[in-house]
Amino acid sequence: MTKDQLRQRLEFYQDLGIKTVYRRSTTSHQPPVTVPVPIPNPQSPIPALEPAQDSLLKILGDIGDCKRCRLHEARNKIVFGSGNDQARLVFVGEGPGADEDQQGLPFVGRAGQLLTQMIEGTAAKEGIPIKRADVYICNVVKCRPPENRTPQPDEMEICGQFLYRQLQSIKPKAICALGGTAAKALLGATEGVTRLRGKWHSWHDIQLMVTFHPSYLLRPYNQNAKKEAWEDLKKVLHYVYD
Ligand code: URA
């Protein structure tokens, strides 16, 4: 692996919210221990790590080259999540689209640009000094569903264990569920977003707000919903950062 490739890999880990990378030490007669090193083992696609506490890196390692459900068949990259691993606010979307599947990062396509605008625009207007990089963003399923179809219940359940661990590891002050699939995965909700949005719910004692998915807001006939989504976001940002 060249230095450039190594740098790119480290930057990618940073994007995922992973600041420290570990490599397994196998020297001496002692049992193997994990020691922090500044660079990952270039031989291993996922660095070995066995911390007592769960962490994003441990979860990423456990996902590995996941083939637990049919979504692995057509995926290009697993989209784990990105942002601050100590974020006070986590956004949860549905699943990667084509751009995300290419880059391995969540919300980088058109819907992602709108989400960035929503976060940074609302924060700036409300005098809250945060950027997208200050929050954490992930999805219910980590692999792109073919043709961007809605994830199926078994896919959500299998991948949901990793979402659960991500949220428990970050322990944010609030979660914002983007759209009906995230609301269903986190709340078990059967009602639509229109009914759920705008009020506080709870996920394992963490305050949770449901709002419209940015992809929904991009459709020209849904422009009225934009105002409501901005109101929801205002509520979330003030609750988290005031
Ligand atoms: N839509 C999602 O739900 N997640 C993404 O990462 C991108 C688009």
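Being a predicted model, the structure only gives us computed values, none of them experimental.

Colleague: For the nonpolar core, give the residues involved together with the corresponding values.
Modeller: Judged by nonpolar contacts, the single largest core of 66 residues is most densely connected at L89, F91, V92 and L186. Per element, the largest residue contribution to this core is seven residues, and it comes from helix α9 (residues 223-241). Ignoring sequence-local partners within four residues, the contact set of F91 consists of L115, I119, V135, Y136, I137, C138, C176, L178 and L233.

Colleague: Just give me the short version of the pairing of strand β8 (residues 206-211), but keep the residues and values in it.
Modeller: Within β8, five of the six residues are buried, leaving the element largely enclosed by the surrounding structure. Where strand β6 (residues 174-178) and β8 come together, five bridges link them in parallel fashion. Along β8, the bridge assignment pairs A174 with Q207. Examined bridge by bridge, strand β7 (residues 200-203) and β8 share four bridges and lie antiparallel to one another. From the neighbouring strand, S202 faces β8, where its bridge partner is Q207. Where β7 folds back on β8, the antiparallel hairpin that results is connected by two residues, among which H204 adopts a positive phi of roughly 45 degrees.

Colleague: Pulling in residues and values, what's your account of the packing of helix α2 (residues 56-63) against helix α5 (residues 153-170)?
Modeller: Following both chains from N to C, one finds α2 and α5 inclined at 170 degrees, their axes separated by 9 Å at the closest point. When the interaxial angle is binned, α2 and α5 end up roughly antiparallel. In this structure, α2 meets α5 at a crossing whose hand is right-handed. Each of L56, K58, I59, D62 and I63 in α2 lies in contact with α5, whose residues at this interface are F162, R165, Q166, S169 and I170. For the contact of α2 with α5, a count of residues per class yields five nonpolar, two polar and three charged.

Colleague: Account for empty space enclosed by the protein, with residues named and values stated.
Modeller: Counting across every chain of the model gives one cavity of 30 Å³ or more. Volume-wise, the largest cavity comes out at about 130 Å³. Surrounding the largest cavity, 16 residues form its lining, C66, C69, K142, C143 and C159 being those nearest its centre. Ranked by residue count, the leading element in the lining of the largest cavity is α5, at four residues. Of the residues belonging to the lining of the largest cavity, the class tally is 10 nonpolar, one polar and five charged.

Colleague: Describe the site of the ligand, and please don't skip the residues or the numbers.
Modeller: Residues in contact with the ligand, as listed here, are G93, E94, G95, E100, P106, F107, N139 and H213. Separating a nitrogen atom of the ligand from a side-chain N or O atom of N139 is a distance of 2.7 Å. Protein contact buries 93% of the 240 Å² of open area that the ligand shows by itself.

Colleague: Please provide a residue-by-residue account of the pattern of salt bridges, values included.
Modeller: Following the criterion strictly, the structure yields 12 salt bridges and no others. For R70, the salt bridge goes to E155, with nearest N and O atoms at 2.5 Å. Of this pair, R70 sits in the loop between α2 and β3 (82-83) while E155 sits in helix α5, and the two are 85 residues apart along the sequence. With relative accessibility at 37%, the residue R70 sits in the partly exposed group. K234 serves as the salt-bridge partner of E231, at 3.7 Å between the closest nitrogen and oxygen. Here K234 and E231 lie together in helix α9, a separation of three residues that amounts to about one turn. Since its relative accessible area comes to 42%, E231 is described here as partly exposed. For K234, a relative accessible area of 28% gives the class partly exposed. One salt-bridge network, in which partners are shared between bridges, spans D54, K58, D62 and R165.

Analysis parameters
- Residues numbered from 1 in each chain as written.
- Predicted model: local features only at pLDDT ≥ 70, side-chain atom pairs only at ≥ 80, totals over all residues.
- Heavy atoms only, no water.
- Core = buried A, V, L, I, M, F, W, Y, C linked by side-chain atoms within 4.5 Å.
- Buried < 20%, exposed > 50% of the residue type's maximum accessible area, 1.4 Å probe, protein only.
- Helix = DSSP H or I, 4+ residues; strand = E, 2+ residues; numbered from the N terminus.
- Contact = heavy atoms within 4.5 Å.
- Pairing = 2+ DSSP bridges.
- Axes fitted to C-alpha atoms, helices over the stretch in contact; angles between N-to-C directions.
- Parallel < 35°, antiparallel > 145°, perpendicular 65-115°, else oblique.
- Left-handed = near helix turned anticlockwise from the far one by under 90°.
- Nonpolar A, V, L, I, M, F, W, Y, C, P; charged D, E, K, R; others polar.
- 1 Å grid on protein atoms, 1.4 Å probe; cavity = no way out; pocket = protein on both sides within 12 Å on 5 of 7 lines; lining within 4 Å.
- Points joined across faces, edges and corners; volume = space filled by probe spheres on them.
- Near = heavy atom within 4 Å.
- Polar contact = N/O pair within 3.5 Å; in protein donor to acceptor, adjacent residues only side chain to side chain.
- Areas by Shrake-Rupley, 256 points an atom, 1.4 Å probe, with all protein chains shown as cover.
- Salt bridge = Lys/Arg side-chain N within 4 Å of Asp/Glu carboxyl O.

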